[in-house]
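Residue-level structural notes
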Amino acid sequence: METAQQKGVTEISTSETKQVSGSVAVLEALVAEGVDVIFGVPGGATIAIYDALFDYSEKLEHILVRHEQGAIHASQGYARTSGKVGVAIATSGPGATNMVTGIADAMIDSTPVVCITGQVYAHLLGTDAFQETDIINMSTPITKWNYQITDAKEIPSVLAKAFYIARSGRPGPVLIDITKNAQLQMFDYNGYTKCNHIRSYRPKPTVRITYVEQAAELINSAKRPMVLLGQGVILGQAEAEFKHFIEKSGIPYAWTVLGAGAIPSDHPLNVGMLGMHGNYAPNMLTNECDVLIAIGMRFDDRVTGRLDKYAKQAKVVHLDIDPSEIDKNVKSTVPVWGDCKETLPMLTALIEQKQHTEWLARFQAYYQEELNEVIYPELNPTSAEITMGEVIRHLNDLTKGEAVIVTDVGQNQMVASRYTKLNKTRSNVTSGGLGTMGFALPAAIGAKYGAPERTVITIAGDGGFQMTLQELGTIMQNKIDVKIIILNNRFLGMIRQWQELFNDSRYSFSDLESPDFVTLAASYRIAGKRVSDRQELPEALNEMINSKGSFLLEVMVTKENNVFPMVAQGCSLSEIRLK
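As a convention, each chain's residues are numbered from 1 in the sequence order in which they are written. Owing to the predicted nature of the model, reporting of local features is limited to residues with pLDDT of at least 70; listing and counting of side-chain atom pairs is limited to 80 or more, with chain, interface and lining totals taken over all residues. Side-chain measures were taken over the full set of non-hydrogen atoms in the model, leaving aside hydrogen atoms and water.

1. Describing the overall build of the protein
- In this description a helix means any DSSP run of H or I spanning at least four residues, a strand means any run of E spanning at least two, and both kinds are numbered starting from the N terminus. On a plain count of helices and strands, the protein comes out with 23 helices and 23 strands.
- The size measure is the radius of gyration over C-alpha atoms, and the globule rule it meets is 2.2 Å times the number of residues to the 0.38 power. Here the C-alpha radius of gyration of the protein, 24 Å, is about what a compact globule of 579 residues would show, namely 25 Å.
- Its C-alpha atoms give the protein principal-axis dimensions of about 70 × 60 × 40 Å.
- Put simply, the protein has 579 residues, and 59% of those count as buried.
- We call two residues in contact whenever any of their non-hydrogen atoms come within 4.5 Å of each other. Here the analysis covers contacts within the protein between residues at least 6 apart in sequence; of these, 77% occur between residues at least 24 apart. Here the term buried applies to any residue with accessible area under 20% of the maximum for its type, exposed to any over 50%, and partly exposed to those in between, with areas from a 1.4 Å probe on protein chains only.

2. Looking at the pattern of salt bridges
- Any carboxyl oxygen of Asp or Glu that lies within 4 Å of a side-chain nitrogen of Lys or Arg is treated as forming a salt bridge with it. Going through the model one piece at a time under the given rule, you end up with 25 salt bridges.
- Between Arg170 and Asp322 there is a salt bridge whose closest N-O contact spans 2.8 Å. Here Arg170, found in the loop between α7 (155–167) and β9 (173–179), pairs with Asp322, found in the loop between β16 (315–320) and β17 (334–337); they are 152 residues apart in sequence, far enough to count as distant.
- Using a relative accessible area of 23% as the deciding quantity, one classes Arg170 as partly exposed.
- By relative accessible area, which is 16% here, Asp322 ends up buried.
- Between Lys529 and Glu543 there is a salt bridge; the shortest N-O distance is 2.6 Å. Residue Lys529 is located in strand β22 (residues 527–531), and its partner Glu543 is located in helix α23 (residues 537–546); the two are separated by 14 residues in the primary sequence.
- Shared partners join several salt bridges into a network, and the residues in it are Arg170, Asp322, Glu325 and Lys328.

3. What to know about helix α17 (residues 411–419)
- Of all the 9 residues making up α17, 9 are buried; the element is thus mostly covered by neighbouring parts of the structure.
- Buried within α17 we find Gln411, Asn412, Gln413, Met414, Val415, Ala416, Ser417, Arg418 and Tyr419.

4. Here we look at the packing of aromatic side chains
- Any two of the Phe, Tyr and Trp rings considered here, Trp counted by its six-membered ring, make a pair once their centres fall within 6.5 Å; the pair's planes then place it as stacked at under 30 degrees, edge-to-face at over 60, or tilted in between. On inspection of all chains with the given rule, the structure shows 13 aromatic pairs.
- Taken together, a centroid distance of 6.0 Å and an interplanar angle of 75° make the contact between Phe39 and Tyr449 edge-to-face. Taken together, the residues Phe39 in strand β4 (residues 37–40) and Tyr449 in helix α18 (residues 440–450) connect sequence positions 410 residues apart. Neither Phe39 nor Tyr449 differs from the other in exposure class; each is buried.
- Taking 5.9 Å as the distance between ring centres and 75° as the angle between the ring planes, the aromatic pair formed by Phe299 and Tyr310 counts as edge-to-face. Here the residue Phe299 occupies a position in the loop between β15 (291–295) and α13 (301–304), and Tyr310 occupies one in the loop between α13 and β16, the gap between them amounting to 11 residues.
- Judged by its relative accessible area of 2%, Phe299 falls in the buried class.
- Residue classification places Tyr310 among the buried positions, given a relative accessible area of 4%.
- The rings of Phe39, Tyr78 and Tyr449 are connected pair by pair, giving a single aromatic cluster.

5. Regarding helix α15 (residues 357–379)
- Here a helix's expected span is defined as the number of its residues, less one, multiplied by 1.5 Å. End to end, α15 covers just 28 Å across 23 residues, shorter than the expected 33 Å (1.5 Å per residue, more than 12% under).
- Its buried side turned inward, α15 meets β12 (225–229), β14 (270–273), α12 (280–286), α16 (388–399) and α17.

6. Examining the sheet that holds strand β6 (residues 86–90)
- Pairing is parallel across the open sheet formed by 6 strands, whose spatial order is β5-β4-β6-β7-β9-β8. Two strands lie at the open edges of the sheet, namely β5 (61–64) and β8 (145–149), each paired on one side alone. In this sheet, adjacent strand axes meet at a mean angle of 20° when their direction is disregarded.
- Strands pair, by our definition, only if DSSP identifies at least two bridges between them. Strand direction decides the pairing type here: β8 and β9, joined by 5 bridges, are parallel. Axis geometry follows a simple rule: fit a line to the C-alpha atoms, using only the stretch in contact for helices, then measure angles between N-to-C directions, giving values from 0 to 180 degrees.

7. So, the environment of Val26
- Within the secondary structure, Val26 sits in helix α1 (residues 22–32).
- In sequence terms Val26 and Ala152 are 126 residues apart; their C-alpha atoms lie 9.2 Å from each other.
- Once residues lying within four places of it in the same chain are set aside, the contact partners of Val26 are Ile116, Ile155, Leu159 and Ile178.

8. Some remarks on the pairing of strand β23 (residues 551–556)
- Of all 6 residues in β23, 6 are buried, a share of seventy percent or more.
- Side chains Phe551, Leu553 and Val555 of β23 all project onto a buried face; the interleaved residues Leu552, Glu554 and Met556 project onto the opposite face, where all are buried too.
- Bridge analysis of strand β21 (residues 483–488) against β23 gives 6 bridges, and the strand direction is parallel. From the neighbouring strand, Ile485 faces β23, where its bridge partner is Leu553.

9. Observations concerning the state of the cysteines
- Throughout, disulfides are identified as pairs of cysteine sulfur atoms within 2.5 Å of each other. Per the counting criterion, the structure on display carries 0 disulfides.
- Cysteine Cys289 shares no disulfide, and the gap to the nearest cysteine sulfur, in Cys571, comes to 20 Å.
- Residue classification places Cys289 among the buried residues on the basis of a relative accessible area of 0%.

10. Details of the sheet that holds β15
- Strand order in this open sheet of 6 strands is β14-β13-β12-β15-β16-β17, and the pairing throughout is parallel. Both outer strands of the open sheet, β14 and β17, are each paired with one neighbouring strand and no more. Going across the sheet, the axis of each strand differs from the next one's by a mean of 20°, ignoring polarity.
- Inspection of the sheet shows β12 paired to β15 by 5 bridges, in the parallel sense. Considered in β15, the bridge of Val227 is made with Ile293.
- Strand contacts of helix α14 (residues 340–350): β15, β16 and β17, with the helix running at about 135° to β16, the strand carrying the most contacts.

11. Some details on unusual backbone geometry
- Between Phe564 and the following residue, Pro565, the backbone shows a cis peptide bond with an omega angle of 0°.
- Its location among the elements puts Pro565 in the segment after β23.
- A positive phi is found at Gln131, a non-glycine position, where the angle reads about 60°.
- Topologically, Gln131 is positioned in the loop between β7 (113–119) and α6 (135–139).
- Judged by relative accessible area, which is 27%, Gln131 ranks as partly exposed.

12. Describing the environment of Gly450
- Among the structural elements, Gly450 can be located in helix α18.
- The sequence separation of Gly450 and Val113 amounts to 337 residues, and the corresponding C-alpha distance is 13 Å.

13. Let's talk about the nonpolar core
- Ranked by size, the top nonpolar core spans 96 residues in total, and within it Phe242, Phe245, Leu292, Ile293, Ile295 and Ile485 carry the most contacts.
- For this core, the element with the highest residue contribution is α15, accounting for 7 residues.
- One finds Ala90, Ala447, Leu469 and Leu552 within the second-largest nonpolar core, a separate group that totals 47 residues. In this description, a nonpolar core means a group of buried Ala, Val, Leu, Ile, Met, Phe, Trp, Tyr and Cys residues linked to one another through side-chain atoms lying within 4.5 Å.

In structure tokens:
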């Protein structure tokens, strides 16, 4: 292979033109882009690609999942832990539509994935042919870009654009739909050219130094500043820059669910999690700070509560790579457009070295109140039944903050987010914006391939786990070392909590009967154990962590325990309740 540099592109080419099929061109593109693993399920409209894949086993590892939703979630998990672009493949019709939820999830959480779908022959498009669906129009609102290929000659250039768009700027999903005739078509292949520029696409806005200077002026004059840390810091690989910024400014920071772990949890300026089930101090003091600095976050409604009562007293500095997020939900005083990898050092250079001792003490006072009312009783319960929080406490003792934690959605997610200790970036994998139940198990599979040297633990409720439990078959067949914790409260826990608090405990279809999960795991040749006795919990967790290969631990937890603090929908952050 030869590599030649051109303006705006990196060309990877063979020494001579050769005839290849469209399917081979697809695989050559994946190899050139550094893809090492693909998640997918073969079907009639992708059988040509899979036939070509038979000869690429030394270059590309393919993981046969049990459902296409598993493929897209696994590719998300892979992208989140590796920082690379995940790849998922599905056939036409139901194969493609089965990935739609995961694509939407990747879009709202800014996860770089390339989805390749098969499609019927070009001459059959629009005829309602067998397994034909218009996946392009279906996926347009939930992708950064999508494109249908009907001619094999387009495959190299289109896939080069797909990977560039997926990974650049604010990352996200791209879908490429390839008709069957294009997969089979032979054409003159001149090698693969990576894409570094598209004339009509500007992934990063130009940094305006004037705005950086205005932001620094506001920060330097602030008496009660507060930083909001979002996933943009992780996506921009700006963890070190963020750490330098807060340590020089002395400003306390709170984090979104997806921003967790950007810097170690035990940092002294960390004042906790934002949002509906976030910590008491940052929620209360958002409405008392005088300057609010948001970095790589989008002011989601779960973070802000009532917008008309959100931080109205504060000057807002908003750093974001996506100009569409500026002023979308919260009006900024100073917008700082650009990649925070670039803008944070520029801002740090202009701010004064400070300590905000008295202001930080306000956070600590609120934390002490939350510790007494909520945290200590959750982590050290006196009730007969195990709590979710105490499971996380014991898990922290074993992992020392070094594991990758993949959570599902619901009470398990909020408890894990609140209490898990994280020492490394890219350690927290969860479905943030879409809140997709069933995300955790397949995402953990991908997370392990993205970080094979790390311990990967997935935490799910008994409800969410059953939405994608067929991926136990993927774990079995590929012998994937994933540790699985099911926090079984015999309810759709978050739904039950809302029904208790806001619907007079009318538990309408939220009580859940489940199979014997340990026996189910055994049928997939996965070791397992069930625990309901508090005395057995530490040893069971230790057995899980130290087991060779996958392990499923079912922990029977309190049926009707609630996650607090909580900001109810329609309320302001100042109305957060501790119980």
